[in-house]
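Each chain, written out:
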Amino acid sequence: MEDKFLAAMQRRFACKRFLQKSIPQEEIEVILEYARLSPSSFGMEPWRLLVVTDQKIKEELQPLCWNQKQITTCSHLVVIKADSAVVQNREYIAKMFARRGLSPEATKAYIDRYFAFLQKQDIDCWVQKQCYIAAANMMTGAAYRGIDSCPIEGFEKEKVEEYLQLHNQSVALMVAFGYCAMERPPKKRLQRDEIVEFR
Ligand SMILES: Cc1cc2nc3c(=O)[nH]c(=O)nc-3n(C[C@H](O)[C@H](O)[C@H](O)COP(=O)(O)O)c2cc1C
């Protein structure tokens with residue numbers, strides 16, 4: 001059986017330089033849909049996506065992002081913002097749990113369990129973990145559609161947040177999308193037996 005998902009996994013790589021070619025709007029919408037449909041712990045969907053296409057903004061961001069060329073050469077820079085406030089907001093939590101259609105008692109028990117869980121978490125870190133799931137899905141999905149990407153953690157977080165004027169949100173990571181302008185390097189990975197164990 002042809003495995004198109006595996007082919008996309010093999011195709012995706014961290015592209016450092018993109019062609020000056022825009023991704024069509026309908027393609028970007030599908031990539032954003034991959035993020036929207038991603039799973040999240042307790043179904044909290046704590047990611048918020050800021051899509052930057054404005055070249056001036058990209059140029060101003062670049063020095064705050066280790067001067068990485070992906071920032072200015074990409075077609076779309078998706079800044080994945082982590083919303084730690086919303087996951088603690090009672091109204092938002094009630095809305096998210098109400099979607100499950102459980103009885104009021106079951107909903108209350110679930111929300112109690114959620115708060116007990118939350119208490120044990122580093123909330124910023126927990127929210128950011130969810131953002132990475134959305135990022136991974138966007139990147140593999142993009143590769144499936146012939147679009148290249150680069151995940152970007154190399155940036156000065158406070159400076160980027162200040163520049164983008166994020167108030168209650170923080171930047172988890174960014175993903176640059178575009179069409180590759182470089183040779184694709186061979187995949188370097190540990191061997192299967194170095195990482196997998198069955199019991
Ligand atoms: C969360 C995350 C952050 C990353 N940040 C950067 C980055 O700032 N700049 C960069 O060039 N690559 C970045 N990378 C790419 C990794 O270096 C790359 O995925 C890894 O070396 C494996 O190579 P491949 O993705 O090309 O297969 C990042 C990857 C991840 C998952």
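Reading guide: rules and limits
Residues numbered from 1 in each chain as written. Predicted model: local features only at pLDDT ≥ 70, side-chain atom pairs only at ≥ 80, totals over all residues. Heavy atoms only, no water. Buried < 20%, exposed > 50% of the residue type's maximum accessible area, 1.4 Å probe, protein only. Helix = DSSP H or I, 4+ residues; strand = E, 2+ residues; numbered from the N terminus. Pairing = 2+ DSSP bridges. Near = heavy atom within 4 Å. Polar contact = N/O pair within 3.5 Å; in protein donor to acceptor, adjacent residues only side chain to side chain. Areas by Shrake-Rupley, 256 points an atom, 1.4 Å probe, with all protein chains shown as cover. Nonpolar A, V, L, I, M, F, W, Y, C, P; charged D, E, K, R; others polar. Expected span 1.5 Å × (residues − 1). Arc of directions from axis to C-beta. Contact = heavy atoms within 4.5 Å. UniProt positions renumbered as here; feature names shortened; annotations may be inferred.

Asks: Pulling in residues and values, what's your account of the pairing of strand β2 (residues 76-82)?
Replies: Of all seven residues that make up β2, seven are buried, and the element is covered over most of its length. Burial along β2 is two-sided: His76, Val78, Ile80 and Ala82 facing one way and Leu77, Val79 and Lys81 facing the other are all buried. Where strand β1 (residues 47-52) lies against β2, six bridges are found, and the strand directions are antiparallel. Each bridged residue has a counterpart across the sheet, and for Trp47 the counterpart in β2 is Ala82.

Asks: Quick rundown of the site of the ligand? Include the residues and the values.
Replies: Residues in contact with the ligand amount to 14 residues; listed here are only the nearest, Ala14, Lys16, Gln68, Lys187 and Arg189. Separating an oxygen atom of the ligand from a side-chain N or O atom of Lys16 is a distance of 2.8 Å. Here an oxygen atom of the ligand sits 2.6 Å away from a polar atom, N or O, in the side chain of Lys187. Look at the ligand: alone it shows 620 Å² of surface, and the protein chains cover 65% of it. For the shell around the ligand, the leading source of residues is strand β3 (residues 148-152), giving three residues. Across the shell around the ligand, the residue classes tally to six nonpolar, three polar and five charged.

Asks: Quick one: what's the story with helix α6 (residues 104-119), residue by residue and with numbers?
Replies: For α6, which comprises 16 residues, the first-to-last C-alpha distance of 22 Å matches the rise-based estimate of 22 Å (1.5 Å per residue) to within 8%. Every buried residue of α6 is accounted for by Thr107, Ile111, Tyr114 and Leu118. Projected down its long axis, α6 carries its buried residues within an arc of 55°, all on one side. Exposed and facing more than 90 degrees away from the buried side of α6 are Glu105, Lys108, Arg113 and Gln119. On its buried side, α6 packs onto α5 (90-98) and α7 (123-144).

Asks: Any details on the side chain of Lys58? Residues and values, ideally.
Replies: Relative to the elements of secondary structure, Lys58 occurs in helix α3 (residues 55-61). Non-local contacts of Lys58, meaning those with residues more than four positions away in its chain, are made with Val52, Thr53, Ile71, Thr72, Cys74 and Ser75.

Asks: If you had to explain the UniProt feature "domain: Nitroreductase" (unreviewed entry) in the protein to someone new, which residues and values would you point to?
Replies: According to UniProt, the "domain: Nitroreductase" (unreviewed entry) feature falls on residues 11-179. Helix makes up 47% of residues 11-179 and strand 16%, whereas the separation of the span's terminal C-alpha atoms amounts to 12 Å.

Asks: I'd like a rundown of unusual backbone geometry, residues and numbers included.
Replies: Residue Trp66 is not a glycine yet carries a positive backbone phi of 55°. Looking at the secondary structure, you find Trp66 in the loop between α3 and α4 (69-73). Given the relative accessible area of 60%, Trp66 is considered exposed. For Asn67, which is not a glycine, the phi torsion comes out positive at approximately 55°.

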